[in-house]
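Chain by chain, the residues:
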Amino acid sequence: MAGSTIALRLAELGISINLFEEGRSLVNGPPICHLHAGGNLYREISEKQCLDLLKQSIDTLRVFKYTANIRPTVIAVPMDDKGFPCELLPRLKVLNDAYSSLVTLDQRNKVLGEPSDYFTLYSQQDLERLQQLDNPTHPVTPDEWMIPVAKSLQLDQFKYPIVMVQEYGLSVFRIAATTALALDQMVNCHTLTSTKVTNVQYESSSKQWRITYRTSDNSEQRCHVDYLINACGYRSGSIDDLAHIPRERMVEFKAAYVTHWAQCEGEWPELIIHGERGTPKGMAQLTPYPNGYFQLHGMTQDITLFKDGLVSSSKCTAQPVLNASFQEKLNRQWPQTEVVERTERAIKHVAQYVHSFKDAEVGGKPLFGAQQIPGTDPTLRAADISFSGCNYARSEIVKASSALSAADAIVAELINKQLIAQPDKSNAREQSFPITLGLSKDEIVSYAEKIAEERGFPASLAQPIG
Ligand SMILES: Cc1cc2nc3c(=O)[nH]c(=O)nc-3n(C[C@H](O)[C@H](O)[C@H](O)COP(=O)(O)OP(=O)(O)OC[C@H]3O[C@@H](n4cnc5c(N)ncnc54)[C@H](O)[C@@H]3O)c2cc1C
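Every value quoted in this text rests on a predicted model; they were computed, and no experiment measured them. (Residues numbered from 1 in each chain as written. Predicted model: local features only at pLDDT ≥ 70, side-chain atom pairs only at ≥ 80, totals over all residues.)

## A word on the overall build of the chain
Logical step 1: Along the chain, the regular secondary structure elements total 13 helices and 20 strands.
Logical step 2: For 466 residues, the compact-globule estimate of 2.2 N^0.38 gives 23 Å, and the C-alpha radius of gyration of the chain, at 22 Å, lies within 12% of that figure.
Logical step 3: Reported as C-alpha extents along the three principal axes, the dimensions of the chain are approximately 75 × 50 × 40 Å.
Logical step 4: Restricting to contacts in the chain with at least 6 residues of sequence separation, those with at least 24 account for 71%. (Helix = DSSP H or I, 4+ residues; strand = E, 2+ residues; numbered from the N terminus. Rg over C-alpha atoms; globule rule 2.2 N^0.38 Å. Contact = placed C-beta atoms within 7 Å.)

## Description of helix α13 (residues 441-454)
Logical step 1: Here α13 is 14 residues long and its end C-alpha atoms lie 20 Å apart, about the 20 Å a rise of 1.5 Å per residue gives.
Logical step 2: Taken as a whole, α13 has its buried residues at Ile-444, Tyr-447, Ala-448, Glu-449, Ile-451 and Ala-452.
Logical step 3: Considering only its buried residues, α13 is in contact with α6 (172-184).
Logical step 4: Where α13 ends, the next residue or the one after it, Gly-456, has phi of about 85°, a positive value. (Expected span 1.5 Å × (residues − 1). Buried ≥ 20, exposed ≤ 12 C-beta atoms within 10 Å, placed from the backbone.)

## Describing the site of the ligand
Logical step 1: Lining the immediate surroundings of the ligand are 35 residues, of which Ala-2, Gly-29, Pro-30, Gly-233 and Ala-400 lie closest.
Logical step 2: Counting residues per element, the ones that place at least two in the shell around the ligand are α1 (2-12), β8 (196-203), β12 (249-260) and β18 (367-374).
Logical step 3: Each residue belonging to the shell around the ligand can be placed in one class, and the counts come to 18 nonpolar, eleven polar and six charged. (Near = placed C-beta within 6 Å. Nonpolar A, V, L, I, M, F, W, Y, C, P; charged D, E, K, R; others polar.)

## Here we look at helix α10 (residues 403-416)
Logical step 1: Helix length check: α10 (14 residues) gives 20 Å between terminal C-alpha atoms against 20 Å at 1.5 Å per residue, within 8%.
Logical step 2: Within α10, burial applies to Ala-403, Leu-404, Ser-405, Ala-406, Ala-407 and Ile-410.
Logical step 3: The inward-facing, buried residues of α10 contact α1, α2 (47-63), β11 (228-230), β19 (385-387) and β20 (392-395).
Logical step 4: In the stretch just after α10, Gln-418 is the one whose phi turns positive, near 60°.

## A short note on the sheet that holds strand β9 (residues 208-214)
Logical step 1: Spatial ordering of the open sheet is given by β8-β9-β10, a layout of three strands whose pairing is antiparallel. Sheet topology places β8 and β10 (220-225) at the edges, where each strand pairs with a single neighbour. Sheet twist, expressed as the average angle between the axes of neighbouring strands with direction ignored, equals 20°.
Logical step 2: Pairing of β9 with β10, which is carried by six bridges, proceeds in the antiparallel orientation. Note on β10: the bridge partner recorded for Trp-209 is Val-225. (Pairing = 2+ DSSP bridges. Axes fitted to C-alpha atoms, helices over the stretch in contact; angles between N-to-C directions.)

## Some words on the domain arrangement of the chain
Logical step 1: You can read the domains of the chain as domain 1 (2-29 + 173-247 + 376-462) and domain 2 (73-167 + 249-374).
Logical step 2: At the junction of the two partners, domain 1 supplies 24 residues and domain 2 supplies 24 residues.
Logical step 3: Ranked by the residues each element gives to the side of domain 1 that touches domain 2, the list is headed by helix α7 (residues 236-243), at five residues.
Logical step 4: Each residue belonging to the side of domain 1 that touches domain 2 can be placed in one class, and the counts come to ten nonpolar, eight polar and six charged. (Domains from an automatic or database assignment.)

## Considerations on the packing of helix α4 (residues 124-131) against helix α5 (residues 142-152)
Logical step 1: Orientation of α4 relative to α5, taken along the N-to-C sense of each, is 90°, at an axis distance of 8 Å. Here α4 lies roughly perpendicular to α5, going by the angle between them. Across the interface between the two elements, Leu-127, Leu-130 and Gln-131 of α4 pack against Asp-143, Met-146, Ile-147, Ala-150 and Lys-151 of α5.
Logical step 2: Residue composition of the contact of α4 with α5, by class: five nonpolar, one polar and two charged. (Parallel < 35°, antiparallel > 145°, perpendicular 65-115°, else oblique.)

## A closer look at the nonpolar core
Logical step 1: In this structure, Ile-6, Ala-7, Val-74, Phe-173, Ala-176 and Ala-448 are the most contacted members of the largest nonpolar core, which totals 120 residues.
Logical step 2: Sort the elements by how many residues they give to this core and α6 lands first, with eight residues.
Logical step 3: Two domains each donate at least three residues to this core, and these are domain 1 (2-29 + 173-247 + 376-462) and domain 2 (73-167 + 249-374).
Logical step 4: Ignoring any residue separated from it by four or fewer positions in sequence, one finds Ile-6 in contact with Ile-229, Ala-231, Ser-395, Ala-406, Ala-407 and Ile-410. (Core = buried A, V, L, I, M, F, W, Y, C linked by C-beta atoms within 7 Å.)

## Describing the pairing of β12
Logical step 1: Of all twelve residues in β12, ten are buried; the element is thus mostly enclosed.
Logical step 2: Pairing of β12 with strand β16 (residues 310-312), which is carried by three bridges, proceeds in the antiparallel orientation. When the bridges of β16 are listed, Met-250 appears paired with Ser-312.
Logical step 3: By the bridge criterion, four bridges tie β12 to strand β15 (residues 293-298) in an arrangement that is antiparallel.

## Here we look at the sheet that holds β20
Logical step 1: With mixed pairing, the three strands of this open sheet are ordered in space as β11-β20-β19. Strand pairing shows two members of the sheet lacking a second neighbour, β11 and β19, which therefore form its edges. When strand polarity is set aside, the average angle formed by the axes of neighbouring strands in this sheet is 20°.

## Some words on unusual backbone geometry
Logical step 1: The step from Tyr-160 to Pro-161 runs through a cis peptide bond, and the omega angle for that step is 5°.
Logical step 2: With respect to the element layout, Pro-161 can be found in strand β5 (residues 158-165).
Logical step 3: Although it is not a glycine, Val-27 adopts a positive phi angle of roughly 50°.
Logical step 4: Assignment of secondary structure puts Val-27 in the loop between β1 (17-20) and α2.
Logical step 5: Of note, Ser-194 is a non-glycine position whose phi angle comes to about 50°, a positive value.
Logical step 6: Within the secondary structure, Ser-194 sits in the loop between β7 (189-192) and β8.

Okay, structure coming up:
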């Protein structure tokens, strides 16, 4: 995500890029399903992080125009949780004001609907009223989106109000398709997939980095670059080690599960049931896709989180080391019994609150991966880039929407170092990404479906909602 986005931003400026990716296609890391347009899934993070995520998400939708699944997110606090919905409200109001101001500043920021609809509150009586209505075929208003939830949620199990917020879905497959199709049109970007960087070395005589890489035919090759950007996700520490540049970071392995709910009625928003992370009552997340597919997270040790799944760097290495069972999952495959066991637990976790969801079935292999978190605070969610050494940057995004902010910081750094000329400052996002924004929705969706299938997932996961 970060490497491809930074390459897009720089290549659109005409800068010559080599983009290395070990996998077969771009945007090949852990899953991305939710656009954190306000960070409302995270009760524990600061207001500043929420505002950063809101702004970054708006920018992301202005550039990655056809990658959002346009449906809202419902956030509910269950009776047995220590928190209260009223505690969410002050931050929602701050976010709502910030969104209104951004739209007033520039109408092109209006990518999350009308600011007055950024969030809506529902009492139990409101939901009992909505329960009586038919599911609309194409929901548009917050009330219409709420109908299927009102019909299926165990209303007595929740504290009120229940919140609906305009945090959309984000399609990792359509982002992958967008970056690949756009970069393919730019002759100044040399994209090398199935290619692993095996060494990096700064040569002070030439003030360049020498990159050694192994291509798909197993041949070892070298090139020299003026500036090196390490965007290796959870493996960024291995490149820091090769470059002899220390860094503290954590790596966390997590997984989400693909299910199919054939009996699903109506078009669903995303549903978040808050809960204490790491306990059996950890947050449940039900993310809808077309044709009855739902992706599930359950923030318990038995579902999304794993015992020993969070590891830290040490004095000897900037690369946190996950144990062999995680390496097996990341590099080869999951045992099928564990796929079924964890997916079924995820279904049961959601069915505590949506009883009819018990009929859902395993719908595919898990979406999983390891993500880096820079520093020592495991709750950090809004981070972008750090600079150290000579002409060296490392992307440290935790959420996909921070990738453009990392790319902007690189552009500023390259200008500062006089490696590139100052681009026209009056250029809005739209003028900075003419090739990316010239792609059509149809070509992105059909390429995204192909990528999903190539990676062994149902094509429905690549198709748009809304
Ligand atoms: C279960 C789960 C759910 C998530 N859900 C969301 C979500 O809903 N929304 C959201 O915004 N974020 C989500 N995230 C986080 C998001 O996936 C990551 O933040 C994001 O993928 C990080 O992007 P990145 O480019 O930094 O790293 P990555 O996506 O990991 O990319 C790094 C790339 O570098 C390549 N690479 C590594 N080493 C080398 C090398 N030596 N040579 C060549 N290539 C190399 C890898 O193949 C990889 O493709 C989720 C993460 C997990 C684990």
